[in-house]
Number of protein chains: 4
Amino acid sequence: MITAGIIGANGYTGIELVRLLQRHPHVKLLHTGSRSLAGKPYAGEIGSLRSRTELEFRNASLEETAAECDVVFLALPHGIASAQVTTDILKRSCINDLGADYRLKSRRVYEQWYGVEHGSPQLLEQAVYGLPEIVGRRALSDKNLIANPGCYTTASILSTAPIAQAGIGSVPYIIDAKSGVSGAGRQASQGLMFGEVNESIKAYKVKAHRHTPEIEQMLGQLAGSEVGVQFTPHLVPMNRGILTTTYIRPTEEIAGQLTEEKLRGLYEDMYEGDTFIRLLPDGVFPETRWVHGSNYVDIGLSYDQRTGIIIVVAALDNLVKGAAGQAIQNMNIRFGFEETVGLGDIPLFP
Amino acid sequence: MITAGIIGANGYTGIELVRLLQRHPHVKLLHTGSRSLAGKPYAGEIGSLRSRTELEFRNASLEETAAECDVVFLALPHGIASAQVTTDILKRSCINDLGADYRLKSRRVYEQWYGVEHGSPQLLEQAVYGLPEIVGRRALSDKNLIANPGCYTTASILSTAPIAQAGIGSVPYIIDAKSGVSGAGRQASQGLMFGEVNESIKAYKVKAHRHTPEIEQMLGQLAGSEVGVQFTPHLVPMNRGILTTTYIRPTEEIAGQLTEEKLRGLYEDMYEGDTFIRLLPDGVFPETRWVHGSNYVDIGLSYDQRTGIIIVVAALDNLVKGAAGQAIQNMNIRFGFEETVGLGDIPLFP
Amino acid sequence: MITAGIIGANGYTGIELVRLLQRHPHVKLLHTGSRSLAGKPYAGEIGSLRSRTELEFRNASLEETAAECDVVFLALPHGIASAQVTTDILKRSCINDLGADYRLKSRRVYEQWYGVEHGSPQLLEQAVYGLPEIVGRRALSDKNLIANPGCYTTASILSTAPIAQAGIGSVPYIIDAKSGVSGAGRQASQGLMFGEVNESIKAYKVKAHRHTPEIEQMLGQLAGSEVGVQFTPHLVPMNRGILTTTYIRPTEEIAGQLTEEKLRGLYEDMYEGDTFIRLLPDGVFPETRWVHGSNYVDIGLSYDQRTGIIIVVAALDNLVKGAAGQAIQNMNIRFGFEETVGLGDIPLFP
Amino acid sequence: MITAGIIGANGYTGIELVRLLQRHPHVKLLHTGSRSLAGKPYAGEIGSLRSRTELEFRNASLEETAAECDVVFLALPHGIASAQVTTDILKRSCINDLGADYRLKSRRVYEQWYGVEHGSPQLLEQAVYGLPEIVGRRALSDKNLIANPGCYTTASILSTAPIAQAGIGSVPYIIDAKSGVSGAGRQASQGLMFGEVNESIKAYKVKAHRHTPEIEQMLGQLAGSEVGVQFTPHLVPMNRGILTTTYIRPTEEIAGQLTEEKLRGLYEDMYEGDTFIRLLPDGVFPETRWVHGSNYVDIGLSYDQRTGIIIVVAALDNLVKGAAGQAIQNMNIRFGFEETVGLGDIPLFP
């Protein structure tokens, strides 16, 4: 049994962490942090937790929280975590960051895309990128600073990693991503109001979304060379779910011999034994409804002989495998629990 | 460990039963029945179950299914169950019917509201109405024919039972109910298509909905006298969730002395110890988002001194406490398991 | 040709006014007011108007606006209009207020329900309540201060006025209302974000909604005696549309002789010649999809002999007949145009 | 004044045609055809038209309809129109087909993609492709067989035609399209039910959608050489709206010198004077909410210097510019009316 705290427990990611941690057999949740709601009963604000927790929102510092918790989840806007995490804190507690501050290895790239100074660049090297299917479980086992990938990033990397690793794709990969609204957070803003979002779809942050360098970093590592991506997110009128549709032209060397079967082989090899990745059969493509509320990533593959384009479609729940679920998966590995414990929910349909 | 089968496993209720039973620690699900999909892998049709079950749809008769299963869930249109259940079957297996055939005690009332002949009226008496918070756990303990209440009915009865039992409400109770679309089933029909339902709300089956006599039967039993209800259902563009708003004028005897506090006392007394009923604090009213995917019923109370009307609002998930969850709750009680086992999901928000 | 201005042109009601006025053959829209967006092109902010208007948002006072416009529409939160309208302004321009400040005839009732002081109680008497089907066209013909009814109010009054006028209903009338989200305005707030509203329904402001006294005032005038209402609004996950379901017990005198036919007769008499009221045939009930984007109010009637309750269902588009459309209808009458001009849109389905 | 008939007046396209034609100043709608609803009042089935039309559904043949109508709109599944249109019919009436039968110039390509025999291949040559911004108004002026483009096709072609014509794009163009549900028609099917579509997004008909050859045909004509497209449609939980996001790599010759400004110049040149095409300013991208209910196509452009990819985003309402509106635009041109008459609706927001 380990103790856990959440800083930023009032956002969608924080609420999802509470939902999952409250039922986790090896975790005792001690702390639900929020500055604005400090002192209020958690279940009074977040009605889904009514009768399930006696916790109150508290406004404790990261230092205080780390002092009492074996693991602290940070669900904060970028720039805040990096100003607060210290080597001392990392000696006492495992910091499981769901924000962007420790994802990019290059301080320069971070500051360029995020437009803020990084508060603790000396910690970047020791941060482990929490995508266990890619970085491997061993990489996580003794780490106290886990940088969880973004929601779009998780879908984008997992659905193209085998191609990058095999070096069979021309760059840039074209990733057309679609997300439910919860990915944009719970802070009040006109652009996210029901009347603005419902009955509409739009592209946003065209050529400028901050998940781009994160995807490029990881695919580049796998490929051993730069992998540029054209990443375009879209906002879809639904609560949860990310779907990515990726278009890759095979390199000239491989183009003539590529088949869907060979392509599938690459994915089967890479994801063998990965419980949360479901490779769909030939001709079947993911739908976000089939992963809703679960930690699964569904992946469907196609190679269009007519046009010479590889199409990979992936679906996940942005709040589970794209955020809270993945952070718990990482925690499980880090603390030596079974990787899947607490993450066994079957998708909720409809 | 008991064995279970589902007949009608391809509808929304059937799919929800599979979701809940697959994770139930004391149940082994053996049979997922469907005439139209017989022979197909369950998870191939219902993608949420992919990697979670190897079962196939089978077209087995109730008799065959009952022969191999300790409990058989029937998720069928009305009229079918009553034509198939026999005393012999009930000797071998517990029939847990989610349809309407055994809910009404009076064959005449059934035939009048449903417009079909009842196929096994001799079994009506032995059927137990599966609303444990009202009928009591003991009533269920040795029964092999459980008639699960309808989704609207569960919300309507639970939110007004204390008033009926105390005899403080004038009739008719006015129940204005709102439901998500999954309550109408999964059979293709133009009226339930996205383009017809989205961005619209309507009342339907005004003064004619078949859950009416069921509500009246149970409230009447509690009151010891006839309790008429004016029940009006509405279709709301959302997948899951029922909200009932009930208006009751107190009887003249009680009107002068009634307070919200006294009213609340009736509910607290009746539902003491009922895990799945969450009585909300003063001034707080239910929202279906806070029960989404769970077996909870949230109830909020108000007495408007200005107008002299009691207002009770209740929310539940029509596929869980309104169908599959309640059926499993009844199964748990019937087989001596802890009542809440397998039903511990925290509501999924957003 | 008259000139028009809108103060508060950036909210949903303001945007709808622009949509309708830009196509109105007798109106030249001169002014779209907004404090926060002053100086920005209207169509740059409200993309639906792109290529349809060259107007910019301006931050002009009511006085300035009234000086150049024959009619000024106020789409403002309550309390602001009453602080700004003066007798002088009313001499120069017709003030067509879509807010609450001049709806209630009693300053005391206003201040009690709205919790603010009324800024110009001396003008209350000369304000005309802009519900032409009820107050009559003549009442509007020479008035320079029009108080447009609220969205819920319009549906509630129009669907029960014939009963109130005939004096056949017992009080309180029970009005269970359901609204799309645009009724709550466009100001950013967490409670109206997509992730909070989608896939949920709730009652709100139970026994305390401010449209209550407005409904009671008008029904009381028609009845010649107090008509209390129990008004409960609900928030529905859709952009537009209001549905009210009203339950009325006939008075004892009438109860024995009441039939649906007689009931229908009252409505036919009252609404004869009213283009925007569509009385639905026997057994047919309104759905908001059939009025979407139009100025219609659909009304369906039922009398349940079994329970002795009258049920009236009404649907309208809260931004058209519930706000902008009605204000234009009033303007048409006030300025001697044909009542329906500029309001001929057929509902947009789906 | 011309007379018009619709065959298939009960589908979403048919209903939209009625909505638009009923308000068209130069058209008298005489006939609303439906086999299944023959004899029923149109407004009794399609409630939005209540009080707006006295027409009944009739089951008249194309021949009979053409005998009484100057223009006949066909809103039928593919394969039906081509079996019924004859040279004789075309002598009497203008056939304005919204289906697929006359869109492709090559019978072979049609039969390959649609899997049915073409019923009147001899008419293919005389059919004019009804995309006036591309084919020119003159092409339509004396034609009696108009093949209206598909909804996806209209967005895809209009958003890439300037690039194809200038010959600056490498093939295949990658078109990632997203559509609301009404594009799939009104025929009852489980896959389009609310519970299946809501809260989910999916790709479908990957590498196999029938609009592909239509897009390729027109872009190829403009380019003077084959233009392959990788077209992937997605189903989005909303009623109306199509968004296409297209990715094109410039040819090697142009790549070094291309700028967004030059790109924009191509579009401005091609669409000068086209009322229904709204080219958005630099950095602004379309959202379907801003074209909802209107005949507009909004187009936004970007050239990502970092990756060397052109991104074009387009939005339209699939039932207006993607179907009924475009057909009426074509009719206007064909009969010498002003092109925009009857199509002046400002988008309905929200």
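All values reported here derive from a predicted model rather than from experimental measurement.

Chemist: Mind showing me how you'd approach the relation of the copies chain A and chain B here?
Modeler: Think of it as a corkscrew move, a rotation about one axis and a shift along it, taking one chain copy to the other. Overlaying chain A with chain B gives an RMSD of 0.0 Å, the required rotation being 180° about an axis along which the chain moves by 0.0 Å. Here the copies are linked by what is in effect a two-fold axis.

Chemist: Would you take a moment to explain the interface of chain A and chain D for this structure?
Modeler: Interface size is often expressed as the accessible area that is lost when the parts come together. On the chain D side, the residues contacting the 47 residues of chain A number 47 residues. Buried surface at the junction of chain A and chain D, both sides included, amounts to about 3900 Å², of which 55% is carbon and sulfur. Considering only the side of chain A, the residues that lose the most area to chain D are Glu199, Ile201 and Tyr247 of chain A, jointly responsible for 16% of the buried surface there. Linking chain A with chain D are 8 salt bridges, by the criterion used here. Of the charged contacts in the structure, one is a salt bridge between Arg289 of chain A and Glu196 of chain D, with a shortest N-O distance of 2.7 Å. Inspection of the region where chain A meets chain D yields 36 residue pairs in polar contact (both at pLDDT 80 or more). Along the lines of polarity and charge, the residues of the side of chain A that touches chain D split into 22 nonpolar, 11 polar and 14 charged.

Chemist: What am I meant to see in the pairing of strand β4 (residues 71-74) of chain B here?
Modeler: Side-chain direction in a regular strand flips from residue to residue, so the side chains alternate between the two faces of the sheet. All names here are of chain B. Here β4 shows two buried faces, one formed by Val71 and Phe73 and the other by Val72 and Leu74. Alignment of strand β1 (residues 2-7) against β4, held across 4 bridges, turns out to be parallel. Among the inter-strand pairings, Gly5 is bridged to a residue of β4, identified as Val72. For β4 and strand β5 (residues 94-97), the ladder comprises 4 bridges, and the chain directions are parallel. Its bridge partner lying in β5, Leu74 is registered against Asp97.

Chemist: Can you help me understand the domain arrangement of chain A in this one?
Modeler: All names here are of chain A. Structurally, chain A comprises domain 1 (2-126) and domain 2 (152-318). If you average the C-alpha positions of domain 1 and of domain 2, the two centres end up 27 Å apart. In this assembly, 15 residues from domain 1 lie in contact with 13 residues from domain 2. For the pair domain 1 and domain 2, the two sides together bury roughly 1200 Å², of which 52% comes from carbon and sulfur. It is Tyr12, Arg103 and Trp113 that lose the most area in domain 1 upon contact with domain 2, and together they represent 50% of the buried surface on that side. For the pair domain 1 and domain 2, the number of links is 2 salt bridges. Taking the shortest distance from any N to any O, the salt bridge between Arg240 and Glu16 comes out at 2.7 Å. Seen at the junction of domain 1 and domain 2, the total is 8 residue pairs in polar contact (both at pLDDT 80 or more). Where the side of domain 1 that touches domain 2 is concerned, the elements lending two or more residues are α1 (12-22) and α6 (107-114). In terms of residue count, the dominant contributor to the side of domain 1 that touches domain 2 is α1 (4 residues). Residues that form the side of domain 1 that touches domain 2 fall into these classes: 7 nonpolar, 4 polar and 4 charged.

Chemist: Is there a simple way to think about the sheet that holds strand β14 (residues 309-316) of chain A in this case?
Modeler: Sheet strands pair via backbone hydrogen bonds, and the direction of the pair is either parallel or antiparallel. All names here are of chain A. Pairing is mixed across the open sheet formed by 7 strands, whose spatial order is β9-β10-β8-β11-β14-β13-β12. With partners counted over all chains shown, the strands left at the sheet margins are β9 (202-203) and β12 (277-279), one partner each. Its contacts with the sheet put helix α10 (residues 211-223) on β8 (173-179) and β10 (229-235), and the angle it makes with β10 is roughly 135°.

Chemist: Just to check I follow, could you spell out the interface of chain A and chain B for this structure?
Modeler: Listed by partner, the interface residues are 36 residues for chain A and 36 residues for chain B. Both faces combined, the contact of chain A with chain B buries some 3200 Å², and carbon together with sulfur accounts for 59% of it. Counting every contact that joins chain A to chain B gives 2 salt bridges. Measuring nitrogen to oxygen at the nearest pair gives 2.7 Å for the salt bridge that ties Arg23 of chain B to Asp345 of chain A. Our count for the chain A to chain B interface comes out at 20 residue pairs in polar contact (both at pLDDT 80 or more). Considering every element that reaches the side of chain A that touches chain B, the biggest residue donor is α1 of chain A, with 5 residues.

Chemist: How should I be thinking about the nonpolar core in this particular structure?
Modeler: Most often, soluble globular proteins have nonpolar side chains that are buried together. Ranked by size, the top nonpolar core spans 111 residues in total, and within it Leu17, Leu21 and Phe73 of chain A together with Leu21 and Phe73 of chain D carry the most contacts. Excluding residues within four positions of it along the chain, Phe73 of chain A makes contact with Ala4, Gly5, Ile6, Ile7, Leu17, Leu21, Asn96, Leu98, Ala327, Ile328 and Met331 of chain A. One finds Leu37 and Leu55 of chain B together with Ile15 and Val27 of chain C within the second-largest nonpolar core, a separate group that totals 110 residues.

Chemist: Can you walk me through the relation of the copies chain A and chain D in this structure?
Modeler: Taken as rigid bodies, chain A and chain D are interconverted by a rotation of 180° and an axial shift of 0.0 Å, the fit giving an RMSD of 0.0 Å. Comparing interface residues between copies, 100% of those in chain A also lie at the interface in chain D; the contact surface is shared.

Chemist: Help me understand the side chain of His292 of chain B, please; the structure alone is not making it clear to me.
Modeler: Note on placement: His292 of chain B falls in the loop between β12 (277-279) and β13 (297-304). If we skip the residues at most four places from it in the chain, His292 of chain B touches His292 and Leu348 of chain A together with Arg240, Asp317, Pro347 and Leu348 of chain B.

Chemist: Could you clarify how one ought to interpret a negative patch on the surface in this entry?
Modeler: All names here are of chain A. Together, Glu261, Glu268, Asp269 and Glu272 make up a negatively charged patch on the protein surface. Checked against the element boundaries, Glu272 lands in the loop between α12 (260-271) and β12. For Glu272, a relative accessible area of 67% puts it in the exposed group.

Chemist: Just checking my understanding: could you explain the packing of aromatic side chains for this structure?
Modeler: Residues and elements named next belong to chain D. Summed over the entire model, instances satisfying the criterion amount to 34 aromatic pairs over all chains. With centroids separated by 5.1 Å and ring planes inclined at 70°, the aromatic side chains of Tyr152 and Phe231 adopt a geometry described as edge-to-face. Residue Tyr152 is located in helix α8 (residues 151-166), and its partner Phe231 is located in strand β10 (residues 229-235); the two are separated by 79 residues in the primary sequence. Accessibility assignment for this pair places Tyr152 and Phe231 in one class, buried. Taking the centre distance of 6.4 Å and the plane angle of 55° together, the rings of Tyr267 and Tyr271 count as tilted. Here Tyr267 pairs with Tyr271, and both are found in helix α12 (residues 260-271), just 4 residues apart, close to one helical turn.

Conventions used here
Residues numbered from 1 in each chain as written. Chains lettered and ligands numbered in written order. Predicted model: local features only at pLDDT ≥ 70, side-chain atom pairs only at ≥ 80, totals over all residues. Heavy atoms only, no water. Least-squares fit on C-alpha atoms with pLDDT ≥ 70 in both. Contact = heavy atoms within 4.5 Å. Buried area = accessible area lost by both parts, 1.4 Å probe. Salt bridge = Lys/Arg side-chain N within 4 Å of Asp/Glu carboxyl O. Polar contact = N/O pair within 3.5 Å; in protein donor to acceptor, adjacent residues only side chain to side chain. Nonpolar A, V, L, I, M, F, W, Y, C, P; charged D, E, K, R; others polar. Buried < 20%, exposed > 50% of the residue type's maximum accessible area, 1.4 Å probe, protein only. Helix = DSSP H or I, 4+ residues; strand = E, 2+ residues; numbered from the N terminus. Pairing = 2+ DSSP bridges. Domains from an automatic or database assignment. Axes fitted to C-alpha atoms, helices over the stretch in contact; angles between N-to-C directions. Core = buried A, V, L, I, M, F, W, Y, C linked by side-chain atoms within 4.5 Å. Patch = residues over 30% accessible without salt bridge, like charges linked within 9 Å, V, L, I, M, F, W, Y side chains within 5 Å. Areas by Shrake-Rupley, 256 points an atom, 1.4 Å probe, with all protein chains shown as cover. Lys, Arg positive; Asp, Glu negative; His and termini not counted. Charge placed at Lys NZ, Arg CZ, Asp CG, Glu CD. Phe/Tyr/Trp six-rings, centres within 6.5 Å; stacked < 30°, edge-to-face > 60°.

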